[in-house]
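The residues making up each chain are set out below.
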Amino acid sequence: MLLSLELPNLVKPTMKGGKVHLKMLCRTVPCPLLQRCLQEVHLMHIKHVFKGNPATCVASLESPRKFPEMAAVPPRKQIIVKKVECLHSGRKKIKVYPPPSLMSSQSVVLPGPERIRASGVTDNPEKFTELPDEKTHTICDTVETGLHKSFSGECLGMRLPLQTGKYKWISYSELSVPFPHQAMIGICTKTRPEFVLVMLACSRYSLVLVPLYHCFGTENMAYIADQVKMEVMFCENPEFAANILKNRELYPHLKHLILFDGSEDEITELNTSDLKVTSLKDLEIRGKLNLQKPKKPDPDDLFCICYTSGTTGTPKGVMVIHRNILSCIASLDAVLGESIPKNESLMCYLPCAHIYEIINEVYCLFHGCRLGFFSGSTDALLSDIAELKPAVLPLVPKLMNLIYARVKKRIGQNSFRRYLLHLSLQQKEKSLHKGIVSKTAIWDKLLFSKIQKLLGGSIQMIFTASAPVSKEVMQFFRCSMGCLVFEVYGLSELGAAAMTLLSEHDSGFVGPPLPCNHIKLVSTPEMSYFAENDEGEICVRGANVFSGYFKNPEATAEAIDADGWFHTGDIGKWLPNGTLKITDRKKHIFKLAQGEYIVPDITESAYMESHIVSQVYVDGNSDKEFIVGVVVPEKQVFINWAKSKGFQGDFETLCQDKEVKAAVLDHLWTIGKKKSLSSLQQIGNLFLTTEAFSQENGLLTPTLKLKRSSARKKYEQIFLTLYEEGNLRPHK
């Protein structure tokens, strides 16, 4: 059970002569925490809850303290002016100055007509932050730094036995994995300690790491292996190796497979005359008997090739140098300052092939933190988190939405509980507005401590990236977790480019630029976005920008212009507070027969507000006059909704019912109108499906983004049928 609110039974306040006797209510409530809570409620809140008249309420309530207005300060580095620590349950309270609410702007506009913006946390905004310190120039250097910071403490941990045991640790001084010297080293595995070992070994010997996603499939996997001429690949088990052998002709360059798991007999059976299969354990033994002198790379040497997950077609190899990663590390240090956790743990569960996870791991290695890995199943993730008690937790929006939805479900329709949650969030947000991040408020003890314990109880920092987070969900996490919550904007080609500041109380944006780069907006007239209005395509230049796509000069020239600006394809807007808001996506637009450009993300985001929609995909053609969509309903909610409309049947039957489809279309149009969608932005026909978009069916990337090219191919015939049926939009 995610959240259990065990509130005392409340009696209704008595009414005498139109007066609400709140004192009587407080006397009947045995919970001292609730009494204190009620005493902090302003009279306007009492009117809302008890329907009384605040002018005649008989209650001894102290009016809330009024804080003097403070003058806005220019962009600058934030500092921790107060910190209260607790050895057993993590940091309890910090106070940040200046809070973002007091800054006149969170970024700096550089001189010149392009309105380039830079971070305000450094002394010289025009200069990029590139390296974290004088001694750390490469990824392997971060381990040396972490070794000293942690005093050779625990580094990589895994639960043994999986899902039930305690974490077992490898120390910083034990990190070593030598292997045959080859140029390109592939690795395809779930997130586990061996990935970090291989990554650091590659860095130490100037080898290039090529991380691969399981969901790539045989075709894309073979394409990548052939493109980089991969001779060595690390993988998890004999089953994966058997699949490679089954398609041996697709891997002409591959000579060595190193397995993390598998018995000696299984590995022996897999060996062939032209493909050597070895266990990691045997490789370590051979390496110790044949030690090679390390070959330390330079900051501008290639560190890894991160292949994009293929949302738009064939994967492209993003060439990432050591300086790219370390500039992100240095930028995080510049922004976070003294708030960085010391000798704490990071929860590692995101795909290890993704740049987001790689940066998280390298950053924590640099600070001598522990990397605790999940048990391999997302079903056991909360159990892993509870056991590890991490201080740093990266989250993706889908997981945040899931936790928030379960909390709301637990609150249910109880009006007092709903109001108490609303009030608690409101009061915690006021503290954030003043730069105070705390787990010690009355609201934490009354409500939020259970949620905090769900995520280990020791969280000091939460980072979220990969997709936008709604304002409602972001506010909930910032207030309920009592820790610093950051939203980060980045891509495989950039690492991290922008991030919200310490104690940010507002949401709907991704913050100012990080010190490693500058950001400008370029006009996109076909979408009516103009730079002079502080709107346009987001372009980034800096030490974090990748060096190009591997063996793809055409794609590189298209992405990086002659002045070194990387064109992201995202549309952004500068807000008055100097932060960047992601508003659109340039590459996903298409034109209808009327000549109107459609951005499917806008329609999809609007429809996702519906309680009956789990997933939605919108598309169209330039020779058609309306757009169509595929909707995956939220099963039980959808069934209940259909029954309330007079429809009967199971999930599959309802999805095939034409009258149900018409009702859903009408419902979505109502949602769209509330979200100010034009008639052309609303779908004219739709297909209801019981099959969710997933990595398994090839419709989602590892970061849970829709693979539009795959979705378009899968639903091509269905869309033709929808267009033959015609535009069924509601007429009302």
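Use the structure listed above.
On a predicted model such as this, the values are computed, not experimentally measured, just so you know. (Residues numbered from 1 in each chain as written. Predicted model: local features only at pLDDT ≥ 70, side-chain atom pairs only at ≥ 80, totals over all residues. Heavy atoms only, no water.)

## Description of the sheet that holds strand β19 (residues 436-438)
- Taken together, the 3 strands give an open sheet; going across it, the order is β3-β4-β19, and neighbouring strands pair in antiparallel fashion. One side of each edge strand has no neighbouring strand; the edge strands of this open sheet are β3 (79-84) and β19. In this sheet, neighbouring strand axes are inclined to one another by 15° on average, regardless of whether the strands run parallel or antiparallel.
- The pairing of β3 with strand β4 (residues 93-97) spans 5 bridges and is classified as antiparallel. Bridged to Ile 79 within β4 is Tyr 97. (Pairing = 2+ DSSP bridges. Helix = DSSP H or I, 4+ residues; strand = E, 2+ residues; numbered from the N terminus. Axes fitted to C-alpha atoms, helices over the stretch in contact; angles between N-to-C directions.)

## Re the packing of aromatic side chains
- Applying the stated criterion across every chain yields a total of 16 aromatic pairs.
- Between Phe 626 and Tyr 723, the ring centres sit 5.0 Å apart and the planes meet at 55°, which makes this aromatic pair tilted. Note that Phe 626 is positioned in the loop between β29 (613-619) and β30 (627-633) and Tyr 723 in helix α23 (residues 716-725), a separation of 97 residues in sequence. Like Tyr 723, Phe 626 is buried.
- Among the aromatic side chains, those forming a connected cluster through ring pairs are Tyr 617, Phe 687, Phe 693, Tyr 715 and Phe 719. (Phe/Tyr/Trp six-rings, centres within 6.5 Å; stacked < 30°, edge-to-face > 60°. Buried < 20%, exposed > 50% of the residue type's maximum accessible area, 1.4 Å probe, protein only.)

## Side note on helix α15 (residues 442-454)
- Helix length check: α15, at 13 residues, gives a terminal C-alpha distance of 19 Å against a target of 18 Å (1.5 Å per residue), a fit within 8%.
- By the largest-angle criterion, Phe 448 marks the main kink of α15, which is about 70°.
- All of the buried residues in α15 are Ile 442, Trp 443, Asp 444, Leu 446, Leu 447, Phe 448, Ile 451, Gln 452 and Leu 454.
- Once α15 ends, the next one or two residues include Gly 456, with phi positive near 95°. (Expected span 1.5 Å × (residues − 1). Bend = angle between axes of the 7 residues up to and from the residue.)

## A closer look at the pairing of β29
- A large share of β29 lies buried, amounting to 6 of its 7 residues.
- In this sheet, β30 lies alongside β29 in antiparallel orientation, the contact comprising 6 bridges. Bridge pairing links Tyr 617 to Val 630 in β30.

## Observations regarding unusual backbone geometry
- With omega at -10°, the peptide bond leading from Tyr 97 into Pro 98 counts as cis.
- Structurally, the position occupied by Pro 98 is in the loop between β4 and β5 (107-109).
- Backbone geometry at Phe 151 places phi at a positive 55°, although glycine is not the residue there.
- One can find Phe 151 in the loop between α4 (139-150) and β7 (154-160).

## A short note on the pairing of β4
- Alternating positions in β4 separate cleanly, Ile 94 and Val 96 being buried on one face and Lys 93, Lys 95 and Tyr 97 remaining unburied on the opposite face.
- As paired elements, β4 and β19 share 3 bridges and run antiparallel to each other. Within β19, the residue paired with Ile 94 across the bridge is Val 437.

## Focus: the nonpolar core
- Core analysis: the biggest nonpolar cluster contains 134 residues, and Phe 234 and Leu 336 have the highest contact counts within it.
- By size, the runner-up hydrophobic cluster in this structure holds 31 residues, among which are Val 210, Val 228, Tyr 251 and Leu 254. (Core = buried A, V, L, I, M, F, W, Y, C linked by side-chain atoms within 4.5 Å.)

## Some remarks on the side chain of Ser 279
- Of note, Ser 279 is situated in strand β13 (residues 276-279).
- For Ser 279, a relative accessible area of 13% puts it in the buried group.

## Things to note about the state of the cysteines
- Scanning all chains against the criterion turns up 0 disulfides.
- Of the cysteine sulfurs around Cys 304, a residue in no disulfide, the closest is that of Cys 306, at 3.6 Å. (Disulfide = S-S within 2.5 Å.)

## A look at the environment of Leu 275
- Tracing the sequence through the fold places Leu 275 in the loop between α8 (264-270) and β13.
- Once the C-alpha coordinates of Leu 275 and His 253 are considered, the two residues, 22 residues apart in sequence, prove to be 9.8 Å apart.

## A look at the packing of helix α13 (residues 397-411) against helix α16 (residues 471-480)
- For the pair α13 and α16, interaxial distance at closest approach is 10 Å and the crossing angle is 80°. Classed by the angle they form, the pair α13 and α16 counts as roughly perpendicular. Where α13 abuts α16, its residues Met 400, Asn 401, Ile 403, Tyr 404, Val 407 and Lys 408 lie against Glu 472, Val 473, Phe 476 and Phe 477.
- The class makeup of the residues in the contact of α13 with α16 is 7 nonpolar, 1 polar and 2 charged. (Parallel < 35°, antiparallel > 145°, perpendicular 65-115°, else oblique. Contact = heavy atoms within 4.5 Å. Nonpolar A, V, L, I, M, F, W, Y, C, P; charged D, E, K, R; others polar.)

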